[in-house]
Amino acid sequence: MTSAESALKAGVLPALHALMASWPDGEQALLTVRAPSAAADEPGPVTGDNSSLAGNGTSPLAGTGAGDIDHGATPGATRRRPPGSPALARLEFIANRQVTAADGQQYLLHYDVENLRRLYHNGHRSNILNMPSPLFWLGLTGGLLFSFLLAWNLTRPMRQLRSAFERVSLGDLTVRLLPVMRRRHDEITEVAKDFDAMAERLQVLVAAREALLHDISHELRTPLARLQLAIGLAHQNPANVDTYLARIEQEAERLDRMVGELLALSRAEHQGMLAEEYFDLLGLVESVVNDARYEAQLTKVTIALTARQPADYTVKGNAEMMRRAVENIVRNALRFSLPGQEIAVSMAAEDRLLTISVTDQGPGIPSEKLSSIFDPFVLVNSPQSGKGYGLGLAITRKVLLAHGGSVDAHNGRDGGLQIQLRLPHWQ
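Keep in mind the model is a prediction, meaning the values are calculated, not measured. Throughout, a residue's number is its position along its own chain's written sequence, starting from 1. Local features in a predicted model are, by the rule used here, given only for residues with pLDDT of at least 70; side-chain atom pairs are given and counted only at 80 or more, and totals for whole chains, interfaces and linings are based on all residues. The basis for every side-chain value is the complete set of heavy atoms in the structure, and neither hydrogens nor water enter the calculation.

Undergrad: How would you summarise the overall build of the chain if you had to cite specific residues and measurements?
TA: Put simply, DSSP marks the helices as runs of H or I at least four residues long and the strands as runs of E at least two long, and each gets a number from the N terminus on. On a plain count of helices and strands, the chain comes out with 12 helices and 13 strands. Classification of the 427 residues of the chain by burial places 35% in the buried group. Two residues qualify as a contact provided that any one of their heavy atoms is within 4.5 Å of a heavy atom in the partner residue. Here the analysis covers contacts within the chain between residues at least 6 apart in sequence; of these, 64% occur between residues at least 24 apart. Using a 1.4 Å probe, the Shrake-Rupley method yields the accessible areas, and only the shown protein chains count as cover for residues. Per element, the accessible surface of the chain, about 25,100 Å² overall, is 56% carbon and sulfur. Here the term buried applies to any residue with accessible area under 20% of the maximum for its type, exposed to any over 50%, and partly exposed to those in between, with areas from a 1.4 Å probe on protein chains only.

In structure tokens:
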């Protein structure tokens, strides 16, 4: 509108026509020019010469202000705007201009704003959900992209968990998730920690089982080889068959003893406390010590038992399994004791726990091996080495764990080994 007004002031209608020639066709029809007369003739579209205005009956404008024209009314009609409408007054000023041309003629420029709005909002620009289509498609694209990223971020750890479980099911126990999900800091990270702990525990159990099978096969191979050797010698020397039969009997007893210990270890590890009962732990320890004293007469080893009195030593669990656990500890101390030495067995009740302490005066165990003596088939040199298979202390640990207790070992200050068993005190 401003450019049309400037062109009209500078060069009358030909200059305005030249300006409008560069406008789009639809916008050229929106601008009308009239020379107002007393009869208020109809305005016509701007043409390229002045004769068009004369042909439309135009006449010079006099006494009519731009603010008196309503752009929404029929062209050529005038309407007084309601007072107190600044927005409407501003719109009327933009759509209607009274201009004095270079030749002194007065013209009224009218720009059809309503048709312009319809042209761009209902024609060239479509509306979707009361929004311009470019804005709608931009928002839709951004929303889809955000949804994709959110779904990918939520499902990615689930896919990683699934992949990790598939690898574990195929036997790969080295897979770990926490290093991959460390940056998340959410509940899925806690799941990853639990998964890693499970995988690590499974790896340890499988490794222990494989080591146990290896040790069992090795331990079984030795007496079986001796049996085969004795049988072969008996065939070669029939005169000495009695000697070889005695050797075969000895190896058979060793095999029977080892298989019995393996069965006890398996029961302690997997069956737990199937036959639970309440029993007196002090009476059980006294029975074990009395049996050990009978065997210790041959080596002249003294076994002393002390217990804090009066005290209640009631325990809930499997008495037979507990007897075997305590007996393994006492017999182990007897194996490491020299003639004339003493084994001290003491009992105490404190902090809802019952403690059994067995201390010998033997050579002790190197500190680097203390943590492994409760593993299966771990043997330590002793004066009576060769009479065991390294399963007794492993059975003891399994029994204590099944009863909710614990066992540990450490060397004494003055030498020897001290093993402590702790059990929950039933009250």
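Undergrad: Any chance you could break down the nonpolar core for me, citing the residues and the numbers?
TA: Within this scheme, the nonpolar core is defined by two criteria: the residues are buried Ala, Val, Leu, Ile, Met, Phe, Trp, Tyr or Cys, and they are joined through side-chain atoms within 4.5 Å. Within the largest apolar cluster, 53 residues are counted, with the highest numbers of intra-cluster contacts made by Leu-281, Val-326, Ile-356 and Ile-419. It is helix α11 (residues 319-335) that contributes the most residues to this core, 9 residues altogether. Those residues in contact with Val-326, other than ones at most four positions away along the chain, are Leu-284, Val-285, Val-288, Ile-356 and Leu-421. Leu-13, Leu-16, Leu-31 and Val-99 belong to the second-largest nonpolar core, a separate cluster that totals 17 residues.

Undergrad: Break down the sheet that holds strand β10 (residues 342-350) for me, citing the residues and quoting the values.
TA: Overall, mixed pairing links the 5 strands, which are arranged β8-β10-β11-β13-β12 in an open sheet. Each end of this open sheet is capped by a strand with a single partner; those strands are β8 (302-307) and β12 (406-411). Neighbour-to-neighbour, the strand axes of this sheet turn through a mean angle of 15°, independent of strand direction. When DSSP finds two or more bridges between two strands, those strands count as paired. Two elements, β8 and β10, share 6 bridges in a ladder whose sense is parallel. Considered in β10, the bridge of Ile-303 is made with Ile-343. Note on method: axes are straight lines fitted to C-alpha atoms, helices fitted across the in-contact stretch only, with angles between N-to-C directions ranging 0 to 180 degrees. Against the sheet, α11 touches β10, β11 (353-359) and β13 (417-424), its axis set at about 170° to β13. Contacts from helix α12 (residues 392-402) reach β12 and β13, with the element oriented near 25° to β13.

Undergrad: Explain the environment of Leu-173 residue by residue, including any values.
TA: Following the sequence through the fold, Leu-173 ends up in the loop between α6 (133-169) and α7 (178-181). With a relative accessible area of 13%, Leu-173 lands in the buried category. Put simply, Leu-173 and Leu-202 are 29 residues apart on the chain and 7.1 Å apart in space, counted from C-alpha to C-alpha. Excluding anything up to four places from it in sequence, Leu-173 contacts Val-168, Ala-199, Leu-202, Gln-203 and Val-206.

Undergrad: Can you lay out empty space enclosed by the protein for me, pointing to particular residues and giving the numbers?
TA: Whether a set of points on the 1 Å grid over the protein atoms alone is a cavity depends on a 1.4 Å probe fitting there but being unable to get out, while an open set qualifies as a pocket with protein on both sides within 12 Å along at least five of seven lines; lining residues are those with an atom within 4 Å of a point. Grid points are joined across faces, edges and corners, and a volume is the space filled by probe spheres set on the points. Counted by the stated rule, this structure contains 2 cavities of 30 Å³ or more. Of the pockets and cavities examined, the second largest cavity occupies roughly 40 Å³. If you go around the second largest cavity, the residues you meet are Asn-332, Phe-336, Asp-360, Gly-362, Gly-364, Ile-365 and Leu-417.

Undergrad: Can you tell me about the pattern of salt bridges, naming the residues and giving the values?
TA: Salt bridge, as used here, is a side-chain nitrogen of Lys or Arg placed within 4 Å of a carboxyl oxygen of Asp or Glu. According to the stated counting rule, one finds 10 salt bridges in the structure shown. Between Asp-291 and Arg-323 there is a salt bridge; the shortest N-O distance is 2.5 Å. Linking Asp-291 in helix α10 (residues 281-296) with Arg-323 in helix α11, this pair joins segments that are 32 residues apart in sequence. You can call Asp-291 partly exposed: its relative accessible area is 35%. Between Arg-331 and Glu-295 there is a salt bridge; the shortest N-O distance is 2.5 Å.

Undergrad: Before we move on, can you summarise the environment of Lys-193 with the specific residues and values?
TA: Note that Lys-193 resides in helix α8 (residues 187-236). Taking the C-alpha atoms as reference, Lys-193 lies 5.8 Å from Leu-178; in sequence the two are 15 residues apart.

Undergrad: Describe the confidence of the model for the chain, and please don't skip the residues or the numbers.
TA: Every residue gets a pLDDT, meaning the predictor's confidence in that residue, from 0 to 100. When the pLDDT values of the chain are averaged, the result is 77; 80% of them are 70 or greater. Note that pLDDT drops below 50 for residues 38-84; the model gives that stretch 84 contacts with residues more than four away or on any other chain.

Undergrad: I'd like a rundown of the packing of aromatic side chains, residues and numbers included.
TA: When two rings of Phe, Tyr or Trp (its six-membered ring) have centres within 6.5 Å they constitute a pair, described as stacked for plane angles under 30 degrees, edge-to-face for angles over 60, and tilted for the intermediate range. Counted under the stated rule, the structure contains 3 aromatic pairs. Judged by centre distance (5.3 Å) and plane angle (75°), the rings of Phe-136 and Trp-137 are edge-to-face. On the accessibility criterion, Phe-136 (18% relative accessible area) is buried. Measuring from ring centre to ring centre gives 5.0 Å for Phe-165 and Phe-195, while their planes differ by 80°; the resulting arrangement is edge-to-face.

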